[in-house]
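One letter stands for each residue in the lines below.
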Amino acid sequence: MESAKPDEPEKSGNEKDDSAKSGSGNPMEMGMGMMKKMMGQGGGGPMAMMQKMMNQHGEGAEGGNPMQQMMGSCMAMCSEMLETMQRTTALAAYAQPELYQLFEEWLAAREDEVLHRIEQAGSQDPDALAEMLSLSSASVMVLLARLKNQGKIHLKAESIKAS
């Protein structure tokens with residue numbers, strides 16, 4: 001947070017409130033002034049203000065407080081994002097240069113195997129390739145995309161006809 005600038009005198013509490021009302025001053029002061037006004041000078045911080053806002057909204061048509069439902073949804077999304085970040089961070093501990101090199105070598109060997117099977121058959125279904133290589137269809141699609149980006153294969157799409 002910023003304190004008063006050296007060449008400006010310190011403002012009193014009332015002067016700070018006046019600057020927040022008039023729109024001048026720094027944004028933090030303005031926000032705090034607005035929060036105090038909304039909270040009825042009761043203070044309590046942002047969480048108290050959020051709780052007050054949630055309680056001010058009436059019951060929705062579905063029988064629940066819509067603000068509480070929205071906050072629950074937002075909190076669930078934030079929780080999921082944090083869990084994903086934690087998993088990524090945990091995996092990053094294993095991403096050593098030697099392991100990365102070994103993975104690249106393994107990936108190249110799998111690409112060569114996919115390419116060899118395509119050359120033998122002329123074309124291949126990704127699901128059939130996945131079964132032959134004991135990989136998931138998603139993994140085979142990654143290998144095919146890499147081979148396509150390297151200019152080693154052409155991909156062809158077909159529509160799936162409804163039965």
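Residues numbered from 1 in each chain as written. Predicted model: local features only at pLDDT ≥ 70, side-chain atom pairs only at ≥ 80, totals over all residues. Heavy atoms only, no water.

Visitor: Outline the overall build of the chain, listing residues and values.
Guide: Of the regular secondary structure elements, the chain holds seven helices and zero strands. When the elements of the chain are put in sequence order from the N terminus, they spell out α-α-α-α-α-α-α. Taking all 163 residues of the chain together, the buried fraction comes to 16%. Sequence separation of 24 or more characterises 24% of the internal contacts of the chain that already satisfy a separation of 6 or more. (Helix = DSSP H or I, 4+ residues; strand = E, 2+ residues; numbered from the N terminus. Buried < 20%, exposed > 50% of the residue type's maximum accessible area, 1.4 Å probe, protein only. Contact = heavy atoms within 4.5 Å.)

Visitor: Lay out the pattern of salt bridges in plain terms, naming residues and giving numbers.
Guide: A complete count under the given rule lists five salt bridges for this structure. Salt-bridge contacts for E113 lead to R117; the nearest nitrogen and oxygen are separated by 3.7 Å. Of the two residues, E113 and R117 both sit in helix 5 (residues 97–121), four residues apart, roughly one turn of that helix. Via salt bridges that share partners, E104, E111 and R146 belong to a single interconnected network. (Salt bridge = Lys/Arg side-chain N within 4 Å of Asp/Glu carboxyl O.)

Visitor: Any details on the packing of helix 5 against helix 6 (residues 126–133)? Residues and values, ideally.
Guide: Running from N to C, helix 5 and helix 6 cross one another at 125°; their axes reach a closest spacing of 11 Å. On the basis of the axis angle, helix 5 is oblique to helix 6. Taken as a pair, helix 5 and helix 6 cross one another with a handedness that is right-handed. From helix 5, R110, E113, V114, R117 and I118 reach across to helix 6, where they touch L129, M132 and L133. (Axes fitted to C-alpha atoms, helices over the stretch in contact; angles between N-to-C directions. Parallel < 35°, antiparallel > 145°, perpendicular 65-115°, else oblique. Left-handed = near helix turned anticlockwise from the far one by under 90°.)

Visitor: How would you sum up unusual backbone geometry? Please name residues and give values.
Guide: Residues other than glycine predominantly adopt negative phi, and peptide bonds predominantly adopt the trans conformation. Look at S134: it is not a glycine, yet its phi comes out positive at around 55°. You can see S134 is positioned in the loop between helix 6 and helix 7 (137–149).

Visitor: Requested: an account of the packing of helix 5 against helix 7, with residues and values cited.
Guide: Running from N to C, helix 5 and helix 7 cross one another at 85°; their axes reach a closest spacing of 10 Å. Classed by the angle they form, the pair helix 5 and helix 7 counts as roughly perpendicular. Contact with helix 5, carried on its side by E104, L107, R110, E111, V114, L115 and I118, involves L143, L144, R146 and L147 of helix 7 and no other residues of that element.

Visitor: I'd love a proper account of the state of the cysteines, names of residues and values included.
Guide: For the structure on display, the rule yields zero disulfides. C74 forms no disulfide, and the closest cysteine sulfur to it belongs to C78, at a distance of 6.7 Å. (Disulfide = S-S within 2.5 Å.)

Visitor: For the environment of A145, give the residues involved together with the corresponding values.
Guide: Mapped onto the fold, A145 is located in helix 7. A relative accessible area of 33% means that A145 is categorised as partly exposed. The sequence separation of A145 and L155 amounts to 10 residues, and the corresponding C-alpha distance is 8.4 Å.

Visitor: Kindly report on the nonpolar core, identifying the contributing residues and their values.
Guide: Counting 12 residues, the largest nonpolar core consists of L107, V114, L115, I118, L129, A130, L133, V140, L143, L144, L147 and I153. Listing elements by their share of this core, those giving two or more residues are helix 5, helix 6 and helix 7. With residues near it in sequence (within four places) discarded, I153 still touches L115, I118, L144, L147 and K148. (Core = buried A, V, L, I, M, F, W, Y, C linked by side-chain atoms within 4.5 Å.)

Visitor: Quick rundown of helix 6? Include the residues and the values.
Guide: By the burial criterion, the buried members of helix 6 are L129, A130 and L133. All buried residues of helix 6 lie within an arc of 100° about the axis, which places them on one face of the element. After helix 6 finishes, the residue S134 shows a positive phi value of roughly 55°. (Arc of directions from axis to C-beta.)

Visitor: Describe the side chain of E111, naming the residues involved and giving the relevant values.
Guide: Structurally, E111 is set in helix 5. Residue classification places E111 among the buried positions, given a relative accessible area of 5%. Separated by 3.3 Å, the side chains of E111 and Q150 make a polar contact. Ignoring any residue separated from it by four or fewer positions in sequence, one finds E111 in contact with L143, R146, L147 and Q150. (Polar contact = N/O pair within 3.5 Å; in protein donor to acceptor, adjacent residues only side chain to side chain.)

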